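So the chains spell out like this:
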Amino acid sequence: MPRKDLETYPKKTGYRKHPGMVAWLLHRGTGVIIGLYLILHILGVSGTVAPFLEVTKLSVVKALFLASFSFHAFNGVRIVLMEFGAAAERESFKKYFMAVVFLTLVITIIGIIPIFAA
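Residues numbered from 1 in each chain as written. Predicted model: local features only at pLDDT ≥ 70, side-chain atom pairs only at ≥ 80, totals over all residues. Heavy atoms only, no water.

Q: Talk me through the overall build of the protein; I want residue IDs and the actual numbers.
A: What the protein contains, in helices and strands, is five helices and zero strands. Counting from the amino terminus, the protein carries its helices and strands in the arrangement α-α-α-α-α. Counting only residues that meet the buried cut, the protein has 19% of its 118 residues in that class. When contacts within the protein are restricted to residue pairs at least 6 apart in sequence, long-range pairs at least 24 apart make up 71% of them. Accessible surface computed for the protein: about 8,700 Å², of which carbon and sulfur atoms make up 74%. (Helix = DSSP H or I, 4+ residues; strand = E, 2+ residues; numbered from the N terminus. Buried < 20%, exposed > 50% of the residue type's maximum accessible area, 1.4 Å probe, protein only. Contact = heavy atoms within 4.5 Å. Areas by Shrake-Rupley, 256 points an atom, 1.4 Å probe, with all protein chains shown as cover.)

Q: Go over the packing of aromatic side chains with me, naming the residues and quoting the values.
A: Geometrically, a pair of aromatic rings is defined through the distance of the ring centres and the angle of the planes. According to the stated counting rule, one finds two aromatic pairs in the structure shown. Members of the aromatic cluster, each reached through a chain of ring pairs, are Tyr37, Phe65 and Phe69. (Phe/Tyr/Trp six-rings, centres within 6.5 Å; stacked < 30°, edge-to-face > 60°.)

Q: How would you explain the UniProt feature "binding site: heme" (unreviewed entry) in the protein if you had to name every residue and give the values?
A: Under the UniProt annotation, the feature "binding site: heme" (unreviewed entry) is placed at His72. With respect to the helices and strands, the residue His72 is situated in helix H4 (residues 59-84). Among the polar contacts made by the side chain of His72, one reaches the main-chain carbonyl oxygen of His27 at a distance of 3.2 Å. (UniProt positions renumbered as here; feature names shortened; annotations may be inferred. Polar contact = N/O pair within 3.5 Å; in protein donor to acceptor, adjacent residues only side chain to side chain.)

Q: Hey, could you go over the environment of Thr48 for me, with residue numbers and the actual values?
A: Along the polypeptide, Thr48 turns up in the loop between helix H2 (19-46) and helix H3 (50-56). A polar side-chain atom of Thr48 sits 2.9 Å from a polar atom in the side chain of Ser46.

Q: Describe the UniProt feature "transmembrane region" (unreviewed entry) in the protein, with residues and values.
A: In the numbering used here, UniProt assigns the "transmembrane region" (unreviewed entry) feature to residues 21-43, 63-84 and 96-117. A helix fraction of 100% and a strand fraction of 0% characterise residues 63-84, whose end C-alpha atoms lie 32 Å from each other. Within the segment residues 96-117, helix and strand shares are 100% and 0% respectively, and the terminal C-alpha atoms sit 32 Å apart.

Q: An account of the confidence of the model for the protein is needed here, citing residue identities and associated values.
A: The predicted model of the protein has a mean per-residue pLDDT of 84, with 81% of residues at 70 or higher. Highest mean pLDDT in the protein belongs to H4 (92); lowest belongs to helix H1 (residues 4-7) (59). (pLDDT = per-residue confidence, 0-100.)

Q: Can you tell me about the side chain of Thr108, naming the residues and giving the values?
A: The topology assignment puts Thr108 in helix H5 (residues 90-117). Look at Thr108 and you get buried, because its relative accessible area is 10%. What Thr108 contacts, discounting residues up to four positions off in sequence, is Leu66, Ala67 and Ser70.

Q: Hey, could you go over H2 for me, with residue numbers and the actual values?
A: Counted at 1.5 Å a residue, the expected span for H2 with its 28 residues is 40 Å, and the 40 Å between its end C-alpha atoms agrees. Looking only at H2, the buried set comprises Pro19, Ala23, His27, Thr30, Ile34, Tyr37 and Gly44. Immediately beyond the C-terminal end of H2, within one or two residues, lies Gly47, with a positive phi of roughly 90°. (Expected span 1.5 Å × (residues − 1).)

Q: Describe a nonpolar patch on the surface, with residues and values.
A: On the surface, a nonpolar cluster with roughly 430 Å² of combined accessible area is contributed by Phe102, Leu103, Val106, Ile107 and Ile110. Following the sequence through the fold, Val106 ends up in helix H5. (Patch = residues over 30% accessible without salt bridge, like charges linked within 9 Å, V, L, I, M, F, W, Y side chains within 5 Å. Salt bridge = Lys/Arg side-chain N within 4 Å of Asp/Glu carboxyl O.)

Written as structure tokens, this is what we have:
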């Protein structure tokens, strides 16, 4: 027999629509991208696998790394603020996530200009 208190639980809440899940997935994904870039860069510079150096010199790869690094850094600061600061309130969560996305876009656009201009 189902519990009565679970029948009144709002059905509209889902983990897929929550900004926290999106932030978590993006944080994990950008961490993987940063790790792969660093491995390719180290192997290319050391001369172990020379074609990897050419891959890391591509403008698109540099722009992807810049966007990944800036999001990962800003989201890390957001996580620290949520854990130890006043940003842990539920109402301000979306506001801080949108600030991270905005700062990432601004830094990425400013950084992409010299990458593609060269």
